[in-house]
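# Descriptive structure summary
Next come the chains, spelled out residue by residue.
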Amino acid sequence: MFSKLMPREGKFFDYFNQHADQMLQCARELKLLLDDLSMIELRSRKIQDFEHAADKLTRDTIVLLHHTFITPLDRNEIYRLVNSMDDVLDMMEDVSQCVSLYDIKQVPDDARKLAEICVACSEHIQAAVRMLSSLKEPDKILAHCAEIDRLESEADFVMRGVIVRLFREEPDTRELIKMKAIYELLETVTDRCADVANVIEGIVLENA
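Note that the structure is predicted; figures quoted are calculated from it, not measured.

## Some details on the packing of aromatic side chains
- Counting across every chain of the model gives one aromatic pair.
- Ring geometry for Phe13 and Phe16: centres 5.7 Å apart, planes at 85°, overall edge-to-face. Taken together, the positions of Phe13 and Phe16, both in helix α2 (residues 12-35) and three residues apart, correspond to about one turn of that helix.
- On the accessibility criterion, Phe13 (17% relative accessible area) is buried.

## Some words on the pattern of salt bridges
- Scanning the model with the defined rule gives 16 salt bridges in all.
- Across the pair Glu154 and Lys113 runs a salt bridge, and its minimum N-O distance is 3.1 Å. With Glu154 in helix α6 (residues 138-169) and Lys113 in helix α5 (residues 109-130), this residue pair connects regions lying 41 residues apart in the sequence.
- Classification of Glu154 by relative accessible area gives partly exposed; the value is 23%.
- Lys113 gets classed as partly exposed once you look at its relative accessible area, which sits at 31%.

## Structural notes on the nonpolar core
- Grouped together as the largest cluster of nonpolar side chains are 69 residues, with contacts concentrated most on Phe16, Leu81, Met85, Val99, Leu132, Leu186 and Ile200.
- Those elements that provide at least two residues to this core are α2, α3 (40-67), α4 (75-101), α5, α6 and α7 (173-207).
- Take this core: its biggest share by element is 13 residues, from α7.
- Those residues in contact with Phe16, other than ones at most four positions away along the chain, are Thr61, Leu73, Ile78, Leu81, Met85 and Val129.

Thresholds, definitions, all that
- Residues numbered from 1 in each chain as written.
- Predicted model: local features only at pLDDT ≥ 70, side-chain atom pairs only at ≥ 80, totals over all residues.
- Heavy atoms only, no water.
- Phe/Tyr/Trp six-rings, centres within 6.5 Å; stacked < 30°, edge-to-face > 60°.
- Helix = DSSP H or I, 4+ residues; strand = E, 2+ residues; numbered from the N terminus.
- Buried < 20%, exposed > 50% of the residue type's maximum accessible area, 1.4 Å probe, protein only.
- Salt bridge = Lys/Arg side-chain N within 4 Å of Asp/Glu carboxyl O.
- Core = buried A, V, L, I, M, F, W, Y, C linked by side-chain atoms within 4.5 Å.
- Contact = heavy atoms within 4.5 Å.

Any functional reading would require information beyond the geometric quantities listed.
Encoded structure:
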């Protein structure tokens, strides 16, 4: 009797889509921050706002999960998806905070390249998430996941070259340490995007 009174389905896909939108906006804002450090305070605040909005969406999704009897996806899949997306925004906020705290004065091209990859990954996540509600085109969703994996590999390649150049060419040890940390955070953003892609891929293979 109690189960009949519990809400069914819920607006999980609305939350997923909103979360993916916040991620993409955050990635674009991070790219703008690295392109123009003169706007760092404004960009950092906006990134923080996107991250806080995503945190709220995560909480709302989990609350809904606990109050919904029949869910459109497996409960563990929902939990993993929303938390993996949240991890991406957390890492983006870490990048913006470190750029500010480390008092970075100049952003190398390689850092901007990694930020571009972060934006591209977020665009593919957004596109894949928007197709989850129907799962009518599983091959297209999986293609987005494959592209995210490719972009993550590209970020790894960029990162390897960056580290080599840093240790060969940067004479200031403090600058080397600071920039290495920034690069590693940017590369980790793409790793977390790949985690999201893996979750999405699992959802598609399990439910399509």
